[in-house]
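Structural description and commentary
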Amino acid sequence: MANDIVLSLAGIDRHYGQGETVLSILKGADFTLRTGETVALVAPSGTGKSTLLHVAGLLEHPDAGEVTLGGVACQELPDEQRTAIRRNSVGFVYQFHHLLPEFSALENVMMPQLIAGLTRKEAAERAKQLLDYMRVGHRADHRPAELSGGEQQRVAIARAVANAPLVLLADEPTGNLDPETASYVFSALEALVRQSGLSAMIATHNHEIARRMDRCVTLIDGKVVEIQA
Ligand code: ADP
Ligand code: MG
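The shown structure was predicted, so the numbers you read here are calculated from the model rather than taken from an experiment. (Residues numbered from 1 in each chain as written. Chains lettered and ligands numbered in written order. Predicted model: local features only at pLDDT ≥ 70, side-chain atom pairs only at ≥ 80, totals over all residues. Heavy atoms only, no water.)

**A few points about the overall build of the chain**
- Summing up its helical and strand segments, the chain has seven helices and ten strands in all.
- A compact globule built from 229 residues would reach a C-alpha radius of gyration of about 17 Å, and the chain, at 17 Å, matches this within 12%.
- Considering only C-alpha atoms, the chain reaches an extent of 50 × 40 × 35 Å along its principal axes.
- Buried positions account for 49% of the 229 residues belonging to the chain.
- Long-range pairs, those at least 24 residues apart, make up 68% of the contacts in the chain with a sequence separation of at least 6.
- By element, 51% of the accessible surface of the chain is carried by carbon and sulfur atoms, the whole surface being about 10800 Å².
- Here the chain holds 21 positive side-chain charges and 28 negative ones, and the gap between their average locations is 4 Å. (Helix = DSSP H or I, 4+ residues; strand = E, 2+ residues; numbered from the N terminus. Rg over C-alpha atoms; globule rule 2.2 N^0.38 Å. Buried < 20%, exposed > 50% of the residue type's maximum accessible area, 1.4 Å probe, protein only. Contact = heavy atoms within 4.5 Å. Areas by Shrake-Rupley, 256 points an atom, 1.4 Å probe, with all protein chains shown as cover. Lys, Arg positive; Asp, Glu negative; His and termini not counted. Charge placed at Lys NZ, Arg CZ, Asp CG, Glu CD.)

**Some remarks on the site of ligand 1**
- Near ligand 1 you find Tyr16, Leu23, Ile25, Pro44, Ser45, Gly46, Thr47, Gly48, Lys49, Ser50 and Thr51, and these make up its full shell.
- In the model, an oxygen atom of ligand 1 is placed 2.9 Å from a nitrogen or oxygen of the Lys49 side chain.
- Burial of ligand 1 by the protein chains amounts to 57% of its free accessible area of 560 Å².
- Looking at the shell around ligand 1, the elements with two or more residues in it are strand E2 (23-34) and helix H1 (49-56).
- In terms of residue count, H1 provides more of the shell around ligand 1 than any other element does, three residues in total. (Near = heavy atom within 4 Å. Polar contact = N/O pair within 3.5 Å; in protein donor to acceptor, adjacent residues only side chain to side chain.)

**Some thoughts on the sheet that holds strand E1 (residues 5-16)**
- The antiparallel open sheet is built from four strands, whose spatial order is E2-E1-E4-E5. Each having just a single partner strand, E2 and strand E5 (72-73) make up the two edges of the open sheet.
- Bridge count between E1 and strand E4 (residues 64-69): five bridges; the pairing is antiparallel. Bridge pairing links Ser8 to Thr68 in E4.
- Each of E1, E2 and E4 is contacted by H1, which is oriented at about 125° to E1, the strand it contacts most. (Pairing = 2+ DSSP bridges. Axes fitted to C-alpha atoms, helices over the stretch in contact; angles between N-to-C directions.)

**Some remarks on the environment of Asp63**
- Its place among the elements puts Asp63 in the loop between H1 and E4.
- Asp63 gets classed as partly exposed once you look at its relative accessible area, which sits at 38%.
- In sequence terms Asp63 and His138 are 75 residues apart; their C-alpha atoms lie 45 Å from each other.
- In this structure, Asp63 is in contact with Asp13, Arg14 and His15, ignoring residues within four places of it in sequence.
- A polar atom in the side chain of Asp63 sits 3.2 Å from the side chain of Arg14.
- Side-chain polar atoms of Asp63 contact the backbone nitrogen of His15, separated by 2.7 Å.

**Looking at the pairing of E1**
- Inspection of the sheet shows E1 paired to E2 by nine bridges, in the antiparallel sense. Among the inter-strand pairings, Ile5 is bridged to a residue of E2, identified as Arg34.
- Turn length for the E1-E2 hairpin, with the two strands adjacent in sequence and antiparallel, is six residues, and the turn residue Gly17 shows positive phi of about 90°.

**Looking at the sheet that holds strand E7 (residues 167-171)**
- Taken together, the six strands give an open sheet; going across it, the order is E6-E7-E8-E3-E9-E10, and neighbouring strands pair in mixed fashion. Whereas interior strands pair on both sides, the edge strands pair on one side only; in this sheet they are strand E6 (90-93) and strand E10 (223-227). Each neighbouring strand pair of the sheet contributes to a mean axis angle of 25°, computed without reference to strand direction.
- In this sheet, strand E8 (residues 199-203) lies alongside E7 in parallel orientation, the contact comprising five bridges.

**Some details on the nonpolar core**
- The biggest cluster of nonpolar side chains holds 40 residues, and the ones touching the most others in it are Val109, Leu131, Val155 and Leu168.
- Among the secondary structure elements, those contributing two or more residues to this core are helix H3 (105-115), helix H4 (120-133), helix H5 (149-160), E7, helix H6 (179-196), E8 and helix H7 (207-211).
- A total of seven residues in this core trace back to one element, the largest contributor, which is H6.
- If you look at the next biggest cluster of nonpolar residues, it comprises 31 residues, including Leu7, Ile25, Val39 and Leu219. (Core = buried A, V, L, I, M, F, W, Y, C linked by side-chain atoms within 4.5 Å.)

**Description of unusual backbone geometry**
- Despite not being glycine, His98 shows a phi value in the positive range, around 55°.
- With respect to the helices, strands and loops of the structure, His98 is situated in the loop between E6 and H3.
- Phi angles above zero are rare outside glycine, and Ala164 is one such case at about 45°.
- Position of Ala164 among the secondary structure elements: in the loop between H5 and E7.
- Judged by its relative accessible area of 53%, Ala164 falls in the exposed class.

Below is the structure:
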């Protein structure tokens, strides 16, 4: 495998249900992501975008196939090792922010760093830098409920990259925002990804966003297919 491939999915099957009601979502899906590359995943609802991202981010086990992250084949690893790789190598952004409501924006961005073993001082410094970069530093002491939807997503993005992951996986990160806010949040996300050389896969229904990525893929009959944005 070329060493500039950060994420590869090979022959991924994923089905839900049992017996006569099996729903096959991914059927031998293959996908590779290179260092510093950004890819949009554009496909209709229900085709398996979230499933693909969850499998890629080690949040879900595929029924067949191999996920290789940073050169490590993950499928057969014990759960603790998968969890460790997920924490170190994957940043995930959801459509809804999933910030911890009882903590401030700053503490939410510190949290993954504290789990990774950084001191409070180190974590707070990096959290503040990331919040400033996402232009939400002035809201660092506020809890999620006190922030607008766009601010919440900018904090969630800062949290996702707090441990400098290899790969950022974003599942319709601006899908819940009005078009103007979506554009602003996405620009901040894009700048952060480009500046840090992150690799990113972003599921979106927004074609303007998709066109700004290096590549665009869709899901057809359970497989990943390259398309023009
Ligand atoms: P997308 O993100 O493209 O909208 P999903 O990956 O969320 O698609 O879902 C693909 C299909 O799999 C949908 O039909 C959905 O209902 C089904 N599905 C997803 N998760 C589950 C689950 N845990 N159990 C049963 N069906 C599921
Ligand atoms: Mg989805």
